Every structure is written in C-alpha cells, then in structure tokens.
Amino acid sequence: MLFAVAMTFIDQTIVAIAAPDIVRELGLSASGMQWVVNAYLLALAAFFALGGRLADLLGARRVVVVGTLLFVVSSVLCGCVPVGGIAQTWLIAFRVTQGIGAALLFPAALAVVVSVFPVERRGRALALFFGLSGALTVLGPLLGGWLTSWTWRAVFWVNVPVALVALVLTYLARLEDRPRAESLDLRGAALIVAGMGLSVLGFQQAATWGWDSGATWGCIAGGAALLVLFRRYERGVRQPLIRLRVFRDPAFRADTLVLFFAMLAFVPLFFFASVYAQVCLSASPTQAALFLLYFFAGFALASQWGGRILDKRGARPALKLGTALGALGFALWANRLTDLSMHDQWPYAAMAGAGIGFLLAPASTDAVNRAIGASYGEVTGVTQTVRNYAASVGLAVFGALLTHVTAENVAGTLRARGLPPGTAHGAAREIAESVTGNGDAHVPQGSGQASSAAREAMAAVRMDFAEANQWVFYGMAICLGLAYLCALRHPGDRVTAPVAEPARPKAPVS
C-alpha cells in the first residue's frame, strides 16, 4: 500500500518543478499551466468521499487495483501529450482522471492497512504509513529536477515502475476483499462531488479571478450550498454515502477539526517554504526541497512517537502535544524568516514538523477507529476530504495574504526611493505577483523609472518578501493554536474494538 500511495504523494509536487519546460515545449498559457497543476488537486478533493465508499462496497483490494491502473494509465497519457492545439486540453483532461484514480486509490489503501491491524496496534502501523508516505511529498521537487533535466515527460512516466511494483505486491499479499451488498448513493455522490469541486475551484482560482470577483464567491457559495444540501439529503437515505451520525461522536468531531486546522498549515507549507527559499535564500528548486527536509526530519521522528502514544494512552495526549508544539514551532520559525539564513531556521522547522508529526497519525487513526460497522474506507474518505479541503482553503487564504503584504511592503520600499505613489503601487503589485508564483519570475526589465528602481531595490524586495512570509507563518501558528483548542475537547476515551452499527428497527408488518 505504501508503494501504491507513493505515486499520489509525489505527484502533488513533482509537476510544478517541470512547469517551465512544459509551457515552453507545448506553448501553454500561464492559466493553462495553472490548470494542469490544479486539475489534479481539484479531482482529488472532489472524489475522495466517493472513493472511500466504493472501497467499502466493492472491496478495498479491488478499488486499490482499479485506482492504481487508472492513475498509471493517465500518467502515461499525460507524458504522451502531443504538441499542438490539443495539448492543453489533453493534459488537463488526463490530470483530472489521474486525480480520480488517486481519490479511489488512497482511501482504499488506507482501509487495507487499517483492516489488517488490530485496534491496539494501529497507532504504530499508521504512524509508519503516514510518516513514510508524507515524507515522499518532499521527493517531488528533488525527483522532478533530476528527471526534467532529461525530459519533462519523465515526471509522469516515473509512476509506471512504481505502479508495477504496487500491483505485484498487492497480488502477492493475497488481500481478502469483503464487499458489501449495499447500493451506492448516486445522488449523494453527485452532490458531494459537485459541492467539493465548486468550492475548491473558487478557492483555487481566487488568486487569478480576485477575491472581489463574483465568480470566486459564486463558486465558494454555490459549493457550500450544495454541501449543505448533501448533509440534509443524507439524513433521509437508508444507505447513505456517508453515515453522518459518526459526527455525533465528540472524539470523531475533535479529530476531524484538529485535522482541518492542522492541514491549513501542513500542505500549503510545501509551496510557501519552497518559494521563500528560492526568493529570499537564493536557493535552487533542489536546494529548496532540501530546506524542507528539516521539517520532515522532525515530522518523521515525531510521527512514530505519536503512534505509540495513541496505542498506549489514546489520541488526546498526542493531539495536545502535537498542536502545542506545532504552534510554537511555526511561531518561532516565523520570527527567524528575516534572518535570511537556512542555518538559523532549521531547529524551528524541525519543531513545526514534529508538531504535525505528533498529531497527524493519531487524529487520522482515532477517527478511522470510530468507523460505524467497520466502514473504514468511508471514514477514511471523510478524513481525507477534510484534509484536502483545508489544504485548498489554506493555499488560497495564505496566498492572498502573502501577495497583499508583499505588495504593500514593496510599494513602501519603492516610494522611499523616490517613485510616485501610483507608480510604486503598480510596480509593487507586478513584483508581488512574480515572486509569489502568480506571474513570471523574471527580474523587472526595461529602462523606465519603475523597472530601474525595482532592479536596484531587489535586495530590499527580498527582505520585504521575507517579512510578508512572516505573516503567513504566524497565521499557520494560529491555525495550530485553534487545533489545540479543538484537541482539548477530545474526551480522551480509547477505542478497543470496532464500533458496531446500531441495529435498524424492523419494518412494520403490513
């Protein structure tokens, strides 16, 4: 299962490294390339809940195989995209099917791991699972840089040998499927796919459309309305897509909220720390990936410890420790960002990583342990949907904050160098969009007053960007602080056996 999910984690970051080469060879537009990256994440978020339910109905092993095949075939087709007018549509379409394959694969793989370990040993097992699979995310930039030097198409083809190993190991493991003779709630599936897709689309496109755009808020509000409708609809379905009564368990609610607030920081960190390292520390993409290894060193070690705490004492101590340590680590890391030194920051990066490591596996495992009637795939789909939704919100909100503060800081720097306020704000906005990844990454060209002043002030601009990143990292610390408050609401009880499904009342005899 680790080999199976390895592809999905690596693919979240590897394609971004190859983006310049893809744009240059295929002639994609800037927005088109953004859609190549976002289409995968959008499909992943939208179909997670459905993938989890299918794992319960059809059998987790079968869904792992189907998801792996769909993912690897889509990867091959992405790498075989023809040059020409069809290239952009081709690439985006198969990135969507890649995301659907990952959404089928991951909850089913996690359900397999959960089902083969007894409750009292799941903490350590899933700590290893999340520790290793999470660490694979940082391999994306490293692997992407090396493969792109040969051909950018290899960032897709690299999934083929990994998928073959996963399929062979799945066959050798002789996993037993336990399908359920239940129907699939198609209307519920359509509602949650549309609701998640629309709302995540709104958050993803906020940087392009603008937060004052009707399209942005129309997607977010429309998606939220569909999710509310989904919640009301599921209450009246005999065999729903998601058994919403699991949310009546205060421990499950606490686990889910801790995951939500923690993932607001965890997943966006890959982007913001990488861009910070390249802009402020003058690091290459490969060096930026190495910068993230400090975070993952703390994450990997703490995740194993957190699993042991869960097995011995329950989730509450691990959640409290992880959220408190993470909040402190992100706050101290934020305070050091203006030092512009990788050496000064590594202890706090490791501390922040340790905080996430302590809480991720215990929160996820404790939530799955509370699955009603051993619906592990279904509950895994719920928790992973929450994680991906939080990641989309975090990227959008922190991205907007970073761009705004960077523009304000740079405008002040340019005004201090004699530029008129209007010219300074226009130039600052262009620079902010460039260094935060929404425009091109070139030094300002031209012989005009604004371009000349911007080139001369690049050292100060790097400091302006570092100060803007401080706001983002302090925001991440606040998210972990909110997660700590949610952890306090965990009742502290432990699950020692699968949660039985309540008996349904017999139908009256007519």
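Heads up: the structure comes first, above all this text.
Quick caveat: nothing in here was measured; it's all calculated off a predicted structure. (Residues numbered from 1 in each chain as written. Predicted model: local features only at pLDDT ≥ 70, side-chain atom pairs only at ≥ 80, totals over all residues. Heavy atoms only, no water.)

Undergrad: Even after reading the chapter, I still don't get unusual backbone geometry, so can you show me in this structure?
TA: For residues besides glycine, phi is generally negative; the peptide bonds are generally trans as well. Non-glycine residue R174 carries a positive phi angle of around 50 degrees. Along the polypeptide, R174 turns up in the loop between helix 8 (159-172) and helix 9 (186-209). (Helix = DSSP H or I, 4+ residues; strand = E, 2+ residues; numbered from the N terminus.)

Undergrad: What should I look at first to understand a nonpolar patch on the surface in this one?
TA: Taken together, the side chains of F3, V165, V168, L169, Y171 and L172 present a nonpolar region at the surface, about 570 Å² in accessible area. Ranked by the residues each element gives to the nonpolar patch, the list is headed by helix 8, at 5 residues. With respect to the helices, strands and loops of the structure, V168 is situated in helix 8. Relative accessible area serves as the criterion here: at 47%, V168 is assigned to the partly exposed category. (Patch = residues over 30% accessible without salt bridge, like charges linked within 9 Å, V, L, I, M, F, W, Y side chains within 5 Å. Areas by Shrake-Rupley, 256 points an atom, 1.4 Å probe, with all protein chains shown as cover. Salt bridge = Lys/Arg side-chain N within 4 Å of Asp/Glu carboxyl O. Buried < 20%, exposed > 50% of the residue type's maximum accessible area, 1.4 Å probe, protein only.)

Undergrad: How should I be thinking about the packing of aromatic side chains in this particular structure?
TA: Any two aromatic rings considered together are summarised by their centre-to-centre distance and by the angle between their planes. Tallying each qualifying case throughout the model produces 20 aromatic pairs. Judged by centre distance (5.1 Å) and plane angle (80 degrees), the rings of F247 and F252 are edge-to-face. Connected via pairs of aromatic rings, a cluster forms that spans F266, F295, F296, F299, F330, W333 and F473. Above the face of the Y171 ring, R174 is positioned so that its terminal group lies 4.5 Å from the ring centre. (Phe/Tyr/Trp six-rings, centres within 6.5 Å; stacked < 30°, edge-to-face > 60°. Lys NZ or Arg CZ within 6 Å of the ring centre and 35° of its normal.)

Undergrad: Just checking my understanding: could you explain the pattern of salt bridges for this structure?
TA: Pairs may arise between side chains of opposite charge once their charged atoms sit close together. Across all of its chains, the model carries 2 salt bridges by this definition. Ionic pairing is found between E25 and R153, a salt bridge with its closest N-O pair at 3.2 Å. Placement of E25 in helix 1 (residues 2-26) and of R153 in the loop between helix 6 (139-148) and helix 7 (154-157) is noted, with a sequence separation of 128 residues between them. Overall, the relative accessible area of 38% leaves E25 in the partly exposed class. Residue class for R153 comes out buried when judged on its relative accessible area of 14%. Measuring nitrogen to oxygen at the nearest pair gives 2.9 Å for the salt bridge that ties R336 to D339. You can call R336 partly exposed: its relative accessible area is 31%. Among the residues examined, D339 registers a relative accessible area of 33% and is labelled partly exposed.

Undergrad: Could you clarify how one ought to interpret the packing of helix 9 against helix 15 (residues 376-416) in this entry?
TA: Two quantities define a packed helix pair, namely the angle between the helix axes and the distance between the axes. Following both chains from N to C, one finds helix 9 and helix 15 inclined at 25 degrees, their axes separated by 8 Å at the closest point. In terms of axis orientation, helix 9 runs roughly parallel to helix 15. From helix 9, M196, S199, V200 and F203 reach across to helix 15, where they touch T385, Y389, S392, V393 and A396. Looking at the contact of helix 9 with helix 15, its residues break down into 6 nonpolar, 3 polar and no charged. (Axes fitted to C-alpha atoms, helices over the stretch in contact; angles between N-to-C directions. Parallel < 35°, antiparallel > 145°, perpendicular 65-115°, else oblique. Contact = heavy atoms within 4.5 Å. Nonpolar A, V, L, I, M, F, W, Y, C, P; charged D, E, K, R; others polar.)

Undergrad: Just to check I follow, could you spell out helix 14 (residues 342-369) for this structure?
TA: Count 3.6 residues to each turn of an α-helix, and residues three or four apart come out pointing the same way. The terminal C-alpha atoms of helix 14, which comprises 28 residues, lie 40 Å apart, in line with the 40 Å expected from a rise of 1.5 Å per residue. Counting buried positions along helix 14 gives 21 out of 28 residues, so the element sits mostly inside the fold. Measuring from the side-chain oxygen of the N-cap residue of helix 14 to the backbone nitrogen of H343 gives 3.3 Å; that N-cap residue is S341. (Expected span 1.5 Å × (residues − 1). Polar contact = N/O pair within 3.5 Å; in protein donor to acceptor, adjacent residues only side chain to side chain.)

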